[in-house]
Structures are given as C-alpha cells and as structure tokens.
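Summary of the model geometry
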Amino acid sequence: MGLYIQTLALSIIGVFLLWFAYTLFFRNAFIRRATRRRRRKPGKTATGIPGAPRTCPVCSAILAKGERVKSTAYPSMGGKDRLMHISGCAYCLEGDRVRTCPVCGATLKPDDILVARMYDKPGRSHVHVIGCSQCKKIGKK
Ligand SMILES: [Zn+2]
Ligand SMILES: [Zn+2]
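Presented here is a report on the structure given in the accompanying data block. All values reported here derive from a predicted model rather than from experimental measurement.

**Quick look at unusual backbone geometry**
A positive phi is found at serine 60, a non-glycine position, where the angle reads about 60 degrees. Along the chain, the position of serine 60 falls in the loop between helix 1 (2–40) and strand 1 (70–73).

**Describing the nonpolar core**
The biggest cluster of nonpolar side chains holds 17 residues, and the ones touching the most others in it are Cys56, Val58, Cys89 and Leu114. Of all the secondary-structure elements, those providing two or more residues to this core are strand 2 (81–88), helix 2 (90–93), strand 3 (114–119) and strand 4 (126–132). Tallying contributions element by element places strand 3 first for this core, with three residues. Discounting residues that sit within four places of it in the chain, cysteine 89 has contacts with Cys56, Cys59, Ala61, Leu63, Arg68 and Val69.

**Brief notes about the environment of methionine 118**
Counting through the fold element by element, methionine 118 comes out in strand 3. Placed 44 residues apart in sequence, methionine 118 and tyrosine 74 show a C-alpha to C-alpha distance of 9.4 Å. When sequence neighbours within four positions are dropped, the list of residues in contact with methionine 118 reads Ala73, Lys80, Asp81, Arg82, Met84, Ser125, His126 and Val127.

Reading the values: the criteria
Residues numbered from 1 in each chain as written. Chains lettered and ligands numbered in written order. Predicted model: local features only at pLDDT ≥ 70, side-chain atom pairs only at ≥ 80, totals over all residues. Heavy atoms only, no water. Helix = DSSP H or I, 4+ residues; strand = E, 2+ residues; numbered from the N terminus. Core = buried A, V, L, I, M, F, W, Y, C linked by side-chain atoms within 4.5 Å. Buried < 20%, exposed > 50% of the residue type's maximum accessible area, 1.4 Å probe, protein only. Contact = heavy atoms within 4.5 Å.

If you want it as structure tokens, here you go:
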C-alpha cells in the first residue's frame, strides 16, 4: 500500500515537472517571437513636438488613434487641478525609445515617472508636466 502511494506521488510529480518544463519552453518561445515581431515594425512611431496632442510626453512618439499613454490621475485635493503620474506609452515602456524628462532633460529609467498637473476643463483637459521622479525627487528609496 505504501509503495502504491509512493509510485502515485512520484508519477504526479513527474507529470507536473514535464508540464512545467513544457510551459516554460513554450512561453519563452512565444515571448521571443513576440519581441521579434515588435522590432520588425520599422519606423512606425515618428517623433513629434513634445506637448502636442497625441504625443507621448516621455518619449515624444506620435501615437496612433487608440494608443494611450499609461498614467495615473489622483483625486483633486480641492483645487482645480489633479496630480497625475505618467509612466509612458507602449513604445517607451517596452524600452524601444529613449525616455526623457521634458523639464530637466534627464534620461528616465523604466521605473521613473513624470509628474504632471491635470486641469479639468469643459471639453478637454489640459496636462502640464512639472517634472519627473528624478528632478521632483519622488519615489526614491
Ligand atoms: Zn512614450
Ligand atoms: Zn526631470
């Protein structure tokens, strides 16, 4: 009886390990293919004027319709403006483009963010970048 349970346990472990190895292998192959495909897209992102509409404030990439800049807006502290943290667009978050702060000109690391104030206006909201996590000295441990 003990031997039976032992054999059962061993085969379960065996199957699990096999499954794990397969998942790891296939996932790696998939990621490699995905990155290669992304690199093959040549010159899809043109560099625009910083601050222009539909332009990433971090890397100045001109974004197509539907492409969004990843940002977090915080609730208003009673004023007309809201604090906003901008991480970047799909291109610079993937490391394909150089991320720079429009205020201090520093090159941003992948975990650095831009700090902005968002003014809610009827019709459209205005975003004003006031610095990055380097020149605003936030998020530093
Ligand atoms: Zn960007
Ligand atoms: Zn800065």
